[in-house]
Amino acid sequence: MVTVNADELEDAVLTVSDPDTPDEGWVCLDTGAVYLRSDALDEELAPLPEDIDTSERYVPVPRVGSLALGLELVFDFADAALPDDAERVREMFKRAGGYREFSELVEQKGLSGHWHVFREAQTRAVLGAWCEQHGLQLAEAELPN
């Protein structure tokens, strides 16, 4: 099975998900290579295949919004690690500054490390499922301790 580098795919998802850029990304179904079209990249250093816009050999990199990596991830963590504060966390995101407030709560509770491990593990699981849908396999990567 063709493998995709987990870090490269995650970086590409974050890049194409930035609402302020027209960046695009693809994964080659034949090789697992991740390609990006971005104003921030020098195309001479990271050339795109000539057929990237016309071939079915490339699948577009998903945006964060199409994956369960946004608020769902925060709420899942709150339900698991902050059950007494889970409703409070949901309320935080009904106003501006919700993520900052959530981060402060996590730090206050001494769960920053746990949050980062949870987020990384969930991100890899979601990206792994996306890869499987496209006949690809996410390359194993070590999770932080």
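Above this text you will find the structure in question.
A brief structural summary. Just so you know, these numbers come straight off a predicted model, no measurement behind them.

**Here we look at the nonpolar core**
Among the nonpolar cores identified, the biggest contains 18 residues, and V4, L9, V27, V61, L67, W130 and C131 are the most heavily contacted of them. Element by element, the count of residues in this core is highest for helix 1 (residues 6-17), at five residues. In terms of nonpolar packing, the next biggest core, distinct from the first, is built from 15 residues, A86, V89, M92 and F118 among them.

**Here's the deal with the side chain of E10**
Take E10: it is sitting in helix 1. You can call E10 buried: its relative accessible area is 16%. Apart from the residues lying within four places of it in its own chain, the contact partners of E10 are E120, T123, R124 and L127.

**As for the packing of helix 4 (residues 98-108) against helix 5 (residues 112-133)**
Interhelical geometry of helix 4 versus helix 5 gives an angle of 120 degrees and a closest axis separation of 7 Å. Here helix 4 lies oblique to helix 5, going by the angle between them. Facing helix 4, whose interface residues are Y99, F102, V106 and E107, helix 5 presents S112, W115 and R119. When grouped by side-chain class, the residues that make up the contact of helix 4 with helix 5 number four nonpolar, one polar and two charged.

**Some remarks on the packing of aromatic side chains**
Enumeration according to the criterion identifies nine aromatic pairs in this entry. Plain terms: the ring middles of F102 and W115 are 5.1 Å apart, the flat faces sit at 85 degrees to each other, and that makes the pair edge-to-face. Note that F102 is positioned in helix 4 and W115 in helix 5, a separation of 13 residues in sequence. Judged by relative accessible area, F102 falls into the buried class, the value being 0%. On the basis of relative accessible area, W115 is assigned to the buried category, the value being 5%. Connected via pairs of aromatic rings, a cluster forms that spans F75, F77, F93, Y99, F102, W115 and F118.

The rules behind each value
Residues numbered from 1 in each chain as written. Predicted model: local features only at pLDDT ≥ 70, side-chain atom pairs only at ≥ 80, totals over all residues. Heavy atoms only, no water. Core = buried A, V, L, I, M, F, W, Y, C linked by side-chain atoms within 4.5 Å. Buried < 20%, exposed > 50% of the residue type's maximum accessible area, 1.4 Å probe, protein only. Helix = DSSP H or I, 4+ residues; strand = E, 2+ residues; numbered from the N terminus. Contact = heavy atoms within 4.5 Å. Axes fitted to C-alpha atoms, helices over the stretch in contact; angles between N-to-C directions. Parallel < 35°, antiparallel > 145°, perpendicular 65-115°, else oblique. Nonpolar A, V, L, I, M, F, W, Y, C, P; charged D, E, K, R; others polar. Phe/Tyr/Trp six-rings, centres within 6.5 Å; stacked < 30°, edge-to-face > 60°.

These results come straight from atomic positions and should not be treated as a statement about function.
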